[in-house]
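# Examination of the molecular architecture
Below are the chains, spelled out letter by letter.
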Amino acid sequence: MLEVRDVRKAFGQREVLKGVDLQVERGDVAVILGPSGSGKTTLLRCMNFLETAGGGTMTFDGERFQLGRVPKRDILRLRKKTAFVFQSYNLFRNRTALQNVTEGLIVGLKIPRDQAERTALQALEKVGMAPWRSYYPHQLSGGQQQRVAIARAIAADPEIIFFDEPTSALDPELTAEVLSVMRRLAEEGMTMLVVTHEMGFARSVSSRVVFMEDGRVVESGSSRDIFENPRQERTRAFLRLTGSLPDNPSSK
């Protein structure tokens, strides 16, 4: 469904992505793990054109694009097939929860207002936020705001949702709220690419794991393979540090 090859990105003289390859199949919950500064968020932003990659290719639904040279019309067309959930929510402060979800449907997808409101309300119900549809962001907890952001994402009926550390700004109780919503989406078959430090979620929900460090993919594979029998010592060290590696992993 989605594949990127040799993705590169630099900020001035600092090379952040150094030839990254990644593949996501339809229905996957793919998780990108790695220490801070490894390039995870930059990769995600390049894949949704929030940053312009310095090189590489992207294949999406059979179409191949040269990253860094994608025409604006194609970027707009591709964005209609994707959604992005930010770690900082990115809600409009002067819009209610319902209006935050309808805005993109009306302006971006040109859906009539009455239809957009019905779709938005259904999305809010799905994430348990319908009772708060008339509330403004400042009246909501961080977890509630993030659930509105997820409702905004799913309302557009995307083929894939990118999640950029969606729980990093939340305390444990609010984190559980958001992860519960994401688990339900995974159970329903939503394709997701998630940058996260939530190792329990990554282990129990993901189908595929990518471990990055210093702008490169160190290792990738099924969730079971990575968490139970990582091949690379750097991956093992990271999982040990996070308490995610069994005491006696298989040596096979």
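Residues numbered from 1 in each chain as written. Predicted model: local features only at pLDDT ≥ 70, side-chain atom pairs only at ≥ 80, totals over all residues. Heavy atoms only, no water.

### Here's the deal with the sheet that holds strand β1 (residues 2-11)
As a reminder, the rule being used: Two strands make a pair as long as DSSP finds a minimum of two bridges between them. Elements are defined by DSSP. Helices are runs of H or I of four residues or more, strands are runs of E of two residues or more, and each kind is numbered from the N terminus. Orientation is described by lines fitted to C-alpha atoms, with helices fitted over the stretch in contact, and by angles between N-to-C directions that extend from 0 to 180 degrees.
The antiparallel open sheet is built from four strands, whose spatial order is β2-β1-β4-β5. Two strands in the sheet have a free side with no partner beyond their single neighbour: β2 (14-24) and β5 (63-66). When the angles between neighbouring strand axes are averaged without regard to direction, this sheet yields 20 degrees. Two elements, β1 and strand β4 (residues 55-60), share five bridges in a ladder whose sense is antiparallel. Bridged to E3 within β4 is T59.

### Here's the deal with the pattern of salt bridges
What counts here: Salt bridges are defined by distance alone: a side-chain nitrogen of Lys or Arg within 4 Å of a carboxyl oxygen of Asp or Glu. Between buried and exposed lies partly exposed: a residue is buried under 20% and exposed over 50% of the maximum accessible area for its type, with that area taken using a 1.4 Å probe on protein chains only.
Inspection of every chain in the model, using the stated rule, returns 21 salt bridges. Across the pair R95 and E103 runs a salt bridge, and its minimum N-O distance is 3.4 Å. Residue E103 is classed as partly exposed on the basis of its relative accessible area, which comes to 24%. Two residues, E219 and R231, come together in a salt bridge whose shortest N-O distance is 3.9 Å.

### A short note on the sheet that holds strand β6 (residues 82-85)
What counts here: In what follows, residue pairs with any heavy atoms lying within 4.5 Å of each other are defined as contacts.
Taken in spatial order, the six strands make up an open sheet running β6-β7-β8-β3-β9-β10, and their pairing is mixed. Single-partner strands in this sheet number two, and they are β6 and β10 (216-222). Sheet twist, expressed as the mean angle between neighbouring strand axes with direction ignored, is 15 degrees. Sheet analysis places strand β3 (residues 29-33) next to strand β8 (residues 192-195), joined by four bridges and oriented parallel. In the strand pairing of β8, I32 is matched with V195. Across the sheet, helix α6 (residues 172-187) lies against β3, β7 (160-164) and β8, angled at about 150 degrees from β8, the strand it touches most. Helix-sheet contacts for helix α9 (residues 233-241) involve β3, β9 (208-213) and β10, and the interaxial angle to β9 is about 100 degrees.

### Re empty space enclosed by the protein
Basically, it comes down to this: Think of a 1 Å grid over the protein atoms and nothing else: a 1.4 Å probe that fits but is trapped marks a cavity, an open set flanked by protein within 12 Å on at least five of seven lines marks a pocket, and residues with an atom within 4 Å of a point count as lining. Grid points are joined across faces, edges and corners, and a volume is the space filled by probe spheres set on the points. Gly falls in the polar group here, along with every residue not listed as nonpolar (Ala, Val, Leu, Ile, Met, Phe, Trp, Tyr, Cys, Pro) or charged (Asp, Glu, Lys, Arg).
In total, this model carries one cavity of 30 Å³ or more according to the counting rule given. The volume enclosed by the largest cavity comes to roughly 40 Å³. In terms of lining, the largest cavity is formed by M47, N48, F49, M58, F60, L78, R79, T82 and F162. Counting residues per element, the ones that place at least two in the lining of the largest cavity are β4 and α2 (72-79). Residues of the lining of the largest cavity, tallied by class, amount to six nonpolar, two polar and one charged.

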